[in-house]
Amino acid sequence: MGTVSCQISMSLDGYVAGPEQSRQDPLGRGGLRLHEWFFGLDAWREQHGLSGGEHTVDAEVVEEMTRDVGAYIMGRRMFGDGGGRWEPGWRGWWGEDPPFRTPVFVLTHQEREPLPMAGGTEFHFVTEGPRAALARAREVAGDRRISVAGGADTVRQFLAAGLLDVLQLHIVPIVLGAGEPLLAGLGDLRLAQESVVAGPTVTHVTYRVLR
Ligand SMILES: NC(=O)c1ccc[n+]([C@@H]2O[C@H](COP(=O)([O-])OP(=O)(O)OC[C@H]3O[C@@H](n4cnc5c(N)ncnc54)[C@H](OP(=O)(O)O)[C@@H]3O)[C@@H](O)[C@H]2O)c1
C-alpha cells in the first residue's frame, strides 16, 4: 500500500490559513504569505502550466511532494465555495486544468456528482468521512502515494484517526495570530523527525507519525 502523507505550509504560530477565508482571500487574511516561498520555483510553475522559475532546494522539495501521487484528498473548504449548498458552476480554485492530474477526493457533507476536469484531474465528493475517502483513494492509487492536501480540519481528522503515515511541514517564518490551526486539539500526537531541508526562506521538516 502507498504511503499516506500530508505536505503543508504552516506559520510559526501553527496556522495553515489565516482568518476569514473568502473569495478574495482563499487562504484567509494574510494566509497567502504561507505560499510565497513556492510561487517562483520552476517545479511549482511547471505543475501550473507556467514556464521559468528558479531551481533551488525548495524546488526539489516540491518535485518530491508530487512524485508518484496516485490520489489526493482534501476538505471542501480547500476546494472552495464556502459551505452549505453547492454554488452552481463552482469547479474549484484551479481553473479548468487543475495541477493534480489524478483523482481528488473532496470531503463534504453536500453530495455532488463527480467532476472531471482537463489533464486527468477528477474531483469526487465523499460524504462518508476520512476512512471512506481513503478507501476510495487507495482503490485508484494502488501502490502509489496518497496525498492529504489540506486544509487543517481534514488533516487533523486524518491525524486523530491514525490514518496519516508522514507529515511534512513547510515552516514559514511568519506569525498569523489567528486562522486555521493545524495541530489544535490532537492531544498526545507523537511524531519522529525523519529529515530537515533548510531552504533560503522556509524550512521543510518531515515527520513519521507514530501510532
Ligand atoms: N497552508 C497550506 O499549505 C494549505 C494547504 C491546503 C489548504 N490550505 C487552506 O486551508 C483552508 C481550508 O482548511 P479548513 O481547515 O478551513 O477546511 P478543510 O479541511 O479544507 O475543509 C473542511 C470542510 O470539509 C468538509 N468535511 C471535513 N470533514 C468532513 C467529514 N468527516 N465528513 C464530511 N465532510 C467533511 C466540511 O465541509 P461541508 O460540511 O461544508 O461540506 C468541512 O467544513 C483554506 O484556506 C485553504 O486554502 C492551506
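The preceding data block contains the structure.
Computed from a predicted model, the values in this text were never measured in an experiment. For every chain, the first residue of the written sequence is number 1, and numbering continues from 1 onward in sequence order. The model is predicted, so local features are restricted to residues of pLDDT at least 70 and side-chain atom pairs to those at 80 or more, both for listing and for counting; the totals for chains, interfaces and linings are taken over all residues. With hydrogens and water excluded, all non-hydrogen atoms of the structure serve as input to the side-chain values.

Q: Honestly, the nonpolar core in this entry has me stumped. Any pointers?
A: If you look at soluble globular proteins, the nonpolar side chains tend to sit buried side by side. Counting residues in each nonpolar core, the largest one holds 29 residues, and the members touching the most others are Ile73, Val155, Phe158 and Leu164. The contact criterion used throughout is that any non-hydrogen atoms of two residues lie within 4.5 Å. The residues contacting leucine 164, other than those within four sequence positions of it, are Val4, Ser5, Cys6, Val148, Val155, Phe158, Leu159, Val209 and Arg211. Nonpolar cores were defined as sets of buried Ala, Val, Leu, Ile, Met, Phe, Trp, Tyr and Cys residues, with membership established by side-chain atoms within 4.5 Å. Summary of the burial criterion: residues with accessible area below 20% of their type's maximum are buried, those above 50% are exposed, and those between are partly exposed, where the area comes from a 1.4 Å probe applied to protein chains only. Among the nonpolar cores identified, the runner-up in size contains 14 residues, and Val69, Met74, Trp90 and Val104 belong to it.

Q: Mind showing me how you'd approach the pattern of salt bridges here?
A: Throughout this description, the term salt bridge denotes a Lys or Arg side-chain nitrogen within 4 Å of a carboxyl oxygen of Asp or Glu. Under the counting rule described, the total for this entry stands at 10 salt bridges. Put simply, arginine 67 and glutamate 64 hold a salt bridge, and the shortest N to O gap is 2.5 Å. Arginine 67 sits in the partly exposed class, given a relative accessible area of 46%. In this structure, aspartate 188 engages arginine 190 in a salt bridge whose closest nitrogen and oxygen atoms are separated by 2.8 Å. The two residues aspartate 188 and arginine 190 agree in class, both being exposed. Through salt bridges with shared partners, a single ionic network connects Arg23, Arg76, Asp81 and Glu87.

Q: Teacher, can you tell me more about unusual backbone geometry here?
A: Apart from glycine, the bulk of residues carry a negative phi angle, and the bulk of peptide bonds sit in the trans form. The peptide bond linking glycine 150 to glycine 151 adopts the cis configuration, its omega dihedral lying at -5°. The phi dihedral of glutamate 20 is positive, around 60°, even though this residue is not glycine. Think of it this way: any DSSP run of H or I at least four residues long counts as a helix, any run of E at least two long counts as a strand, and we number them from the N terminus. With respect to the helices, strands and loops of the structure, glutamate 20 is situated in the loop between β2 (15–17) and α1 (36–39). In this structure, aspartate 81 takes a positive phi of about 75° despite not being glycine. With relative accessibility at 8%, the residue aspartate 81 sits in the buried group.

Q: Can you walk me through the packing of aromatic side chains in this structure?
A: Note on aromatic contacts: the rings of Phe and Tyr and the six-membered ring of Trp form a pair at centre separations within 6.5 Å, being stacked when their planes are under 30 degrees apart, edge-to-face when over 60 apart, and tilted otherwise. Using the criterion set out here, one finds 14 aromatic pairs in the structure. Their ring planes at 45° and their centres at 6.4 Å tell us that phenylalanine 79 and tryptophan 94 sit as a pair that is tilted. Linking phenylalanine 79 in helix α4 (residues 76–79) with tryptophan 94 in the loop between α4 and β4 (103–107), this pair joins segments that are 15 residues apart in sequence. Exposure remark for phenylalanine 79: the relative accessible area of 0% places this residue in the buried category. Where tryptophan 86 meets phenylalanine 125, the ring centres are 5.2 Å apart and the plane angle is 65°; that geometry is what we call edge-to-face. Of this pair, tryptophan 86 sits in the loop between α4 and β4 while phenylalanine 125 sits in strand β6 (residues 122–126), and the two are 39 residues apart along the sequence. Only Lys NZ and Arg CZ are tested; either one counts as a charge over a ring when it is within 6 Å of the ring centre and within 35 degrees of the ring normal. One Lys or Arg, arginine 76, reaches over the ring of tryptophan 86 and ends 3.8 Å from the middle of that ring. Positioned over the ring face of tryptophan 86 is arginine 112, at 4.8 Å from the centre of the ring.

Q: What's the story with the pairing of strand β8 (residues 166–172) in this structure? I'm lost.
A: Every regular strand shows the same layout, with side chains that alternate between the two sheet faces. Along β8, six of the seven residues are buried, which leaves the element largely enclosed by surrounding structure. Relative to β8, strand β1 (residues 4–11) is paired through seven bridges, and the arrangement is parallel. Looking at the pairing, serine 9 lines up with histidine 170 of β8. Two strands qualify as a pair provided that DSSP identifies no fewer than 2 bridges between them. One ladder, built from six bridges, connects β8 with strand β11 (residues 203–209); its direction is antiparallel. Residue glutamine 168 lies in a different strand from β11, and its bridge partner there is threonine 206.

Q: What exactly am I supposed to notice about the pairing of strand β10 (residues 191–198) here?
A: In terms of strand pairing, β10 meets β11 through seven bridges, oriented antiparallel. Bridge assignment links serine 195 to a residue of β11, and that residue is threonine 206.

Without other data, these values stay purely geometric and don't point to any function.
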